[in-house]
Amino acid sequence: MQAFIDFLPVLAFVLAYWITGEMKTAIIVIMLAVAIQIIITWASKREINRMLGLSALLVFILGGISLAFDNPIFFKWKPTGLYWLFALVLLGSHFIGKEPLVKKMLQSMSPDQINMPMKSWYQLNLMWVVFFAFAGFANIYVAYSFNEATWVNFKLFGLLGLTLIFLIGQAIWINKKAESINDSDNG
């Protein structure tokens, strides 16, 4: 259910654009959908995680600027800004703190299920940095190089597809690293 609630604003944005062909309408719809997402999340959990809060803030600020200046380019920068911020935070965690942020995030979802050496966690953290930097560049490249409809479709299918491919590759990589640890423990 939470995955659907997390995906709702992007889906609402794309559907609004497909139905109306107007970026202004789609921006208003995503702003409303994010507000609903925040309300539902708060009502069910009594908290808003940082990622959702930051994403919502960017939607409201960049969506508002785009509407005020009647220029959708500000809103098109939202995924890039968010991805690059994630990349910077992950990169910072590589040097600050006792362990990389990706380890904290993944182990909070499945404690004690991912057993890898610290070197592998740092490698994985850097993979995430590269992925988010690349996704940010890909988004802004499509935003400036193609028409609006292409960017909207890329926002839904391209960025989602890139993320799924990355997550599958990451899962395979983690599994291999974890298996090599288990094999050396058993041997």
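Along each chain, numbering runs from 1 in the same order as the chain's sequence is written. pLDDT decides what is reported in this predicted model: residues at 70 or higher carry local features, side-chain atom pairs at 80 or more are listed and counted, and totals for whole chains, interfaces and linings draw on all residues regardless. Side-chain metrics in this entry use all non-hydrogen atoms of the structure; hydrogen atoms and water are not considered.

So, on to the overall build of the chain. The helix and strand labels rest on DSSP assignments: H or I over at least four residues marks a helix, E over at least two residues marks a strand, and numbering proceeds from the N terminus. Regarding its fold elements, the chain presents seven helices and zero strands. Going from the N terminus to the C terminus, the chain shows its helices and strands as α-α-α-α-α-α-α. Expressed as lengths along the three principal axes of its C-alpha atoms, the size of the chain is roughly 65 × 40 × 30 Å. We call a residue buried when its accessible area falls under 20% of the maximum for its residue type, exposed when it is over 50%, and partly exposed in between, using a 1.4 Å probe and counting protein chains only. Looking at the 187 residues of the chain, the share that counts as buried comes to 39%. Here the contacts in the chain between residues at least 6 apart in sequence split such that 65% fall between residues at least 24 apart. Accessibility throughout is a Shrake-Rupley quantity obtained with a 1.4 Å probe, and a residue counts as covered only by protein chains that appear here. Accessible surface for the chain amounts to roughly 10,800 Å². Of this, 69% is attributable to carbon and sulfur atoms. Looking at the chain, you have 13 positive and 10 negative side-chain charges, and the mean spots of the two groups are 5 Å apart. Only heavy atoms matter for contacts: two residues are in contact if any of them lie within 4.5 Å across the pair. For the charge count, each Lys or Arg is scored as positive and each Asp or Glu as negative, with His and the chain ends excluded. Positions of charges follow a simple convention, taking NZ of Lys, CZ of Arg, CG of Asp or CD of Glu.

Between Lys or Arg on one side and Asp or Glu on the other, a salt bridge is scored when a side-chain nitrogen of the former is within 4 Å of a carboxyl oxygen of the latter. Considering all chains together, one arrives at two salt bridges under this definition. The residue K24 makes a salt bridge to D70 at a minimum N-O spacing of 3.3 Å. Here K24 is found in helix 2 (residues 23–45), whereas its partner D70 is found in the loop between helix 3 (50–69) and helix 4 (73–95), with 46 residues between them in sequence. Residue class for K24 comes out partly exposed when judged on its relative accessible area of 43%. E99 is paired through a salt bridge with K103; the nearest N and O atoms lie 3.4 Å apart.

A word on a nonpolar patch on the surface. Residues enter patches when their relative accessible area tops 30% and they take part in no salt bridge; the joining distance is 9 Å for like charges and 5 Å for the nonpolar side chains Val, Leu, Ile, Met, Phe, Trp and Tyr. Where nonpolar side chains cluster on the molecular surface, the patch consists of F7, L160, L164 and L167 and spans about 320 Å² of accessible area. If you tally residues by element for the nonpolar patch, the top one is helix 7 (residues 148–186), at three residues. Within the fold, L164 resides in helix 7.

What follows deals with the packing of aromatic side chains. Pairs of aromatic rings are described using the distance from one ring centre to the other and the angle between the two planes. Aromatic rings from Phe, Tyr and Trp, taking only the six-membered ring of Trp, are treated as a pair when their centres fall within 6.5 Å; an angle between ring planes under 30 degrees marks them as stacked, one over 60 as edge-to-face, and anything in between as tilted. Following the criterion strictly, the structure yields 15 aromatic pairs and no others. Each ring, one from Y141 and one from F146, has its centre 6.0 Å from the other, and the planes form 75°; the classification is edge-to-face. Here Y141 falls in the exposed class, since its relative accessible area comes to 52%. Only when the NZ atom of a Lys or the CZ atom of an Arg is both within 6 Å of the ring centre and within 35 degrees of the ring normal do we say a charge sits over the ring. Across the ring face of F13, the terminal group of K155 is positioned such that the distance to the ring centre comes to 5.8 Å.

Quick look at the side chain of S93 now. Relative to the helices and strands, S93 resides in helix 4. Among the residues examined, S93 registers a relative accessible area of 10% and is labelled buried. Any pair of N or O atoms that falls within 3.5 Å is considered a polar contact. Within protein, one atom must be able to donate a hydrogen and the other to accept it, and sequence-neighbouring residues count only if both atoms are side-chain atoms. Within the structure, the side chain of S93 is placed 2.8 Å from the backbone nitrogen of L101, a separation counted as a polar contact. The contacts of S93, once residues within four sequence positions are left out, are E99, P100, L101 and N125.

The next point concerns helix 4. Given the number of residues in a helix, its expected span is that number minus one, multiplied by 1.5 Å. For helix 4, with 23 residues, the first-to-last C-alpha span of 34 Å sits near the 33 Å given by 1.5 Å per residue. Where helix 4 bends most, at P79, the angle is about 30°. G97 lies just past helix 4 and shows a positive phi near 100°. One axis fitted to the seven residues ending at a residue, another fitted to the seven starting there: the angle between these axes is the bend at that residue.

For the rest of this paragraph, the subject is the confidence of the model for the chain. pLDDT: the predictor's confidence for each residue, scored from 0 to 100. Summary statistics for the chain give a mean pLDDT of 87 and a share of 90% for residues scoring 70 or more. For the chain, helix 5 (residues 101–109) is the element with the lowest average pLDDT, namely 77, and helix 6 (residues 118–145) is the one with the highest, namely 94.

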